[in-house]
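Read off the chains here:
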Amino acid sequence: MTRHSPLRRLGLKTALATALLAATSTLALAQQGSYKFGLAMPLTGGQALYGNDQVKAAQWAVDAINAAGGINGKKLEMIVLDTQADPQVGIQAVNRLISVDKVPAFVTAWSGVVKAVAPIANDNKIVELSVGANAPDIAKLGDYVYTTFPLADVDIRAVAQYSAKDMGKKKAAVLFINNETGIGSAVVYKDTFTKAGGEIVAYEAYDQKATDFTGPLLKIRAANAEIIHLQGLVAESPQIIAQARQLGITVPITSYSGIYNPKLIQQLGAAAEGVIATSLAPGVDDLPAVKDYVARWQKEMGREPNGLPYTQYLYDTPYLMAAVFGSLDKKGIAPTGENFRKEMLAIKSFDLPLTGKVEFSDDHTVSKPVYLVEVKGGKWTGKAVVNK
Amino acid sequence: MLNATVISQILWTSLATSSYFVLFALAFALVLKVNKVFNFAQAGMMTAGFYAAYVAVRIIGLPGPVGVMAAIAGGVVAAFVLEYAGFRVLRQRRASAMFVFIFTLVASQFITYAMTLVFGTWPTTIFESMFWPVTLVANVAVSAWDVPALGATLAVLIGLWAFLRFSRYGQFMIAVADNSDLAELYGIRKDRVLMISMLVAGAIVGVGMFLYGSRAQVQPAAATELMLFAVAATILGGIGNIWGAALAAVILGVVQNASILFIPSAWQGFLLYAFLFFSIVLFPAGFRLPDSRKALKKMRAAPAANAGQGG
């Protein structure tokens, strides 16, 4: 065994310490060279159709931010993991984002996943941004859980209010799917419409497995409603509208963002006329940036994105992240989860490219304009903007 | 709201929409009777039938009648694969009835996931438009879909009856259903008969899914839920009684829809399971007509006579 003199041992230790220090500094610099956030979305499974398009939208935004110089010269890095829209897989993904990738904030969607990962975000003091999920109780999931997307009742209130006040309808019928979301939304519509001076003359739920809707529609027809609010899923809503028209029900039918897609008009033709839907993001006629965005999808993908408004929200999220990181960077504050939350709430209001202004409220909700669109002359046209 | 027009409308629409349920119940009951399998993989056959028609009509742009043929072909091909690569192999390995049942569940989900990978989860229809023009007959709205759908179902019912009654393989199917070992002793090739039973079921669900998919939106997992109605009708109609299953499907559909006159619409789904629960508890062998055995005996005698002539 070789023996070294004390001086030589000291020299070796000093060299080792210097090397270690240099390595640590390099690592720290490397880490400071970028700001990271997580994106946990369904990339596989039944919801992948939407999840992948939303991730693509977010990636376009990240690329655009970095191409424009990043965050004060530093790169914005997005770490994407798959949730399959499954709460259990979502928990695994978020645990990894927090413990391995050390992100101070992450984005996720689908109500089940948002709720399942909330305790992890709160325990680790990491900001969870829900972008697209709309279950009303998302606002009550804890100090570190926020949403940039309006929760379920915002558009339903808007459409009920508009029907009673602006359209002057006095008698409405509500037809809704018999599940948690359908029942909750139907109650919101009923309360809002009644408070606005209207009367609910028929209030019919249908079974989730129903394949024919003649019975409830005949009840509604017998009640002589002046307007019908339909709170169903995208799978059966077109059939319900078709059957309503076949049974001679010609009054306007309102619904929510779920039916706002070009396929409805293809499927129903003239029967779709007078159908009113909501959108929680501006459309191509409302904002030039949205027109360019949709044109880019057409050019690069040959189609519109699945769930256009949702992809708009996802596109905007990296801009929100960049604004918070940028502010922290300018102030020289470490990008921890706690600091990220403080800074996000201090900034409070963000102007985003495709969905406009978003302002975080103390009750963890956001208020956004609701865009009402109507099928007119065989296409969706803007009808009104509520909550401007 | 209870008046003659409303009652007539509900009865007519229920009858029209029961057309595809009759076909699903018929196919399920046939396989249960002949192959002795609770074939939950029928949901996979239904999904294959629908997407075959979807590809033919919506993607390739072929006319509707070709879509019907494609739906039948899709159901038949799926049935062939299930029987040849699944049930036949399981029989050779003497798999237990429970194992075969589990296989049907797995196969159904396998096809559903495969279709999801190919076609995604967005619901779609066979024709671009799902709106069918309506004619008022005595104030009852009769859509352009209703009459052809009922006609197609009636044609399938008559065709199946004639096949079972007059064709050699139809009679072999009855013989195998009655006693497969005895049928083999008489020279009937059981494997071939079981394959034909599956193929017939595949063709029937193909027609059923074409009817359903031309009126409502379908996504890969939809067939599983439609299947439950067929299972309920088969149990209510009496296990082993295919015509009973068809009749039960009509009655179930009408009762379920007409119930709106007396109970809130949200309870309509519950009604199906309430019927199912009580019928299983009170009539575990299903409702049987008193003279059904006589007819069965007649049919049993026919294949025995023909067996000696080959088969």
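For clarity, every value in this text was computed on a predicted model and none was experimentally measured.

**A short note on the overall build of chain B**
At step 1: A count of helical and extended segments in chain B gives twelve helices and two strands.
At step 2: Listing every helix and strand of chain B by position from the N terminus yields α-α-α-α-β-β-α-α-α-α-α-α-α-α.
At step 3: For chain B, the C-alpha radius of gyration of 20 Å lies close to 19 Å, the compact-globule estimate for 311 residues.
At step 4: Each principal axis of the C-alpha distribution contributes one length, and for chain B these read about 60 × 45 × 35 Å.
At step 5: Within chain B, the fraction of its 311 residues that count as buried is 52%.
At step 6: Within chain B, contacts between residues at least 6 apart in sequence are counted, and of these 77% link residues at least 24 apart.
At step 7: Carbon and sulfur atoms form 71% of the exposed surface of chain B, whose accessible area is close to 13,900 Å².

**Remarks on the pattern of salt bridges**
At step 1: All told, the structure shown has 14 salt bridges over all chains when counted by the stated rule.
At step 2: Taking the shortest distance from any N to any O, the salt bridge between A:Lys115 and A:Asp137 comes out at 3.2 Å. Taken as a pair, A:Lys115 in helix H4 (residues 111-124) and A:Asp137 in the loop between strand S4 (127-130) and strand S5 (145-147) lie far apart in primary sequence, 22 residues in all.
At step 3: The exposure class assigned to A:Lys115 is partly exposed, which follows from its relative accessible area of 29%.
At step 4: On the accessibility criterion, A:Asp137 (33% relative accessible area) is partly exposed.
At step 5: For A:Arg296, the salt bridge identified is with A:Glu300, shortest N-O distance 2.9 Å. Residue A:Arg296 and its partner A:Glu300 are both found in helix H10 (residues 288-301); the two are separated by four residues, about one turn of the helix.
At step 6: For A:Arg296, a relative accessible area of 32% translates into the label partly exposed.
At step 7: According to the relative accessible area criterion, A:Glu300 is partly exposed, its value standing at 47%.
At step 8: Here the residues in one salt-bridge network are B:Glu83, B:Arg91 and B:Asp191, joined through shared partners.

**Observations regarding the interface of chain A and chain B**
At step 1: Across the boundary between the two partners, chain A contributes 33 residues, which contact 38 residues of chain B.
At step 2: Taken over both partners, the interface formed by chain A and chain B buries close to 3,000 Å², and the fraction arising from carbon and sulfur atoms is 59%.
At step 3: Per-residue buried area on chain A facing chain B is highest for A:Thr211, A:Gln246 and A:Gln267; these three make up 20% of the total on that side.
At step 4: At the junction of chain A with chain B, the criterion picks out one salt bridge.
At step 5: Across the pair A:Asp212 and B:Arg215 runs a salt bridge whose closest N-O atoms are separated by 2.7 Å.

**Quick notes on helix H5 (residues 153-166) of chain A**
Residues and elements named next belong to chain A.
At step 1: Its 14 residues place the ends of H5 19 Å apart at the C-alpha level, agreeing with the 20 Å of an ideal helix rising 1.5 Å per residue.
At step 2: The complete set of buried residues in H5 reads Val154, Asp155, Ile156, Ala158, Val159, Ala160, Tyr162, Ser163 and Ala164.
At step 3: Its buried side turned inward, H5 meets helix H6 (180-195), strand S8 (227-231), strand S9 (253-254), strand S10 (275-279), strand S13 (370-376) and strand S14 (379-386).
At step 4: Gly168, located one to two residues past H5, shows a positive phi value of around 70°.

**Things to note about the packing of aromatic side chains**
Any pair of aromatic rings gets described here by the distance separating the centres and the angle formed by the planes.
All names here are of chain A.
At step 1: Evaluation of the coordinates by the stated rule reveals 36 aromatic pairs over all chains.
At step 2: Between the aromatic rings of Trp60 and Tyr293, the centroid separation amounts to 6.1 Å while the plane-to-plane angle is 80°, which identifies the pairing as edge-to-face. Taken as a pair, Trp60 in helix H2 (residues 48-67) and Tyr293 in helix H10 lie far apart in primary sequence, 233 residues in all. Here Trp60 and Tyr293 have matching classes, each one buried.

**Regarding the side chain of B:Ser19**
All names here are of chain B.
At step 1: By secondary structure assignment, the location of Ser19 is in helix H1 (residues 4-34).
At step 2: Overall, Ser19 belongs to the buried group, its relative accessible area being 1%.
At step 3: Apart from residues no more than four positions distant in its own chain, Ser19 is found in contact with Trp145, Ala149, Leu150, Thr153 and Leu211.

**Brief notes about the confidence of the model for chain A**
Residues and elements named next belong to chain A.
At step 1: With 91% of its residues at a pLDDT of at least 70, chain A reaches an overall mean of 88.
At step 2: Across chain A, strand S3 (residues 105-108) holds the top mean pLDDT of 98, while helix H1 (residues 6-32) sits lowest at 50.
At step 3: Here residues 21-31 is a poorly scored stretch, pLDDT under 50, and it has zero contacts once near neighbours within four places are set aside; other chains count.

**Observations regarding the environment of A:Ala139**
Residues and elements named next belong to chain A.
At step 1: Here Ala139 is to be found in the loop between S4 and S5.
At step 2: Remark: the alpha-carbon pair of Ala139 and Asp363, spanning 224 residues in sequence, is separated by 6.7 Å.
At step 3: Beyond its immediate chain neighbours, meaning those up to four positions away, Ala139 contacts Leu151, Asp363, His364 and Thr365.

**Overview of the packing of H10(A) against helix H11 (residues 308-331) of chain A**
Residue and element names in this part refer to chain A.
At step 1: Where H10 meets H11, the axes come as close as 12 Å, and the angle between the chain directions of the two elements is 105°. On the basis of their axis angle, the class for H10 and H11 is roughly perpendicular. On H11, the residues touching Val290, Tyr293 and Val294 of H10 are Leu308, Thr311, Gln312 and Tyr315.
At step 2: For the contact of H10 with H11, the residue count by class is five nonpolar, two polar and no charged.

About the criteria used
- Throughout this description, residue numbers start from 1 for each chain and increase along the sequence as written.
- Chains and ligands are labelled by the order in which they are written, letters from A for the one and numbers from 1 for the other.
- Totals for whole chains, interfaces and linings use every residue, but because this is a predicted model, local features are given only for residues with pLDDT of at least 70 and side-chain atom pairs only at 80 or more, for both listing and counting.
- Excluding hydrogens and water, the side-chain values take into account all heavy atoms of the structure.
- Helix and strand definitions here come from DSSP, where helices need a minimum of 4 consecutive H or I residues and strands a minimum of 2 consecutive E residues; each element is numbered from the N-terminal end.
- The reference for a compact globule is 2.2 Å times residues^0.38; the radius of gyration itself is calculated from the C-alpha atoms.
- Three exposure classes are used, based on accessible area relative to the maximum for each residue type with a 1.4 Å probe and protein chains only: buried under 20%, partly exposed in between, and exposed over 50%.
- The contact rule is simple, with two residues in contact once any of their heavy atoms fall within 4.5 Å.
- Note on areas: Shrake-Rupley with a 1.4 Å probe; residue coverage comes only from the protein chains shown.
- We define a salt bridge as a contact between a side-chain nitrogen of Lys or Arg and a carboxyl oxygen of Asp or Glu at a distance within 4 Å.
- Reported buried area values correspond to the accessible surface (1.4 Å probe) lost by two parts on association, with both partners' losses combined.
- One less than the residue count of a helix, multiplied by 1.5 Å, gives the span that helix is expected to have.
- Two rings from Phe, Tyr or Trp (for Trp, the six-membered ring) form a pair when their centres are within 6.5 Å of each other. A pair whose planes differ by under 30 degrees is stacked, one over 60 is edge-to-face, and the rest are tilted.
- Confidence of the predictor at the level of single residues is captured by pLDDT, which takes values from 0 to 100.
- A fitted line through C-alpha atoms represents every axis, and for helices the fit uses only the stretch in contact; the resulting angles, taken between N-to-C directions, go from 0 to 180 degrees.
- When describing relative orientation, an angle under 35 degrees is termed roughly parallel and one over 145 degrees roughly antiparallel, while 65 to 115 degrees is termed roughly perpendicular and anything else oblique.
- Only Asp, Glu, Lys and Arg are considered charged in this grouping, and only Ala, Val, Leu, Ile, Met, Phe, Trp, Tyr, Cys and Pro are considered nonpolar; every other residue, Gly among them, is considered polar.

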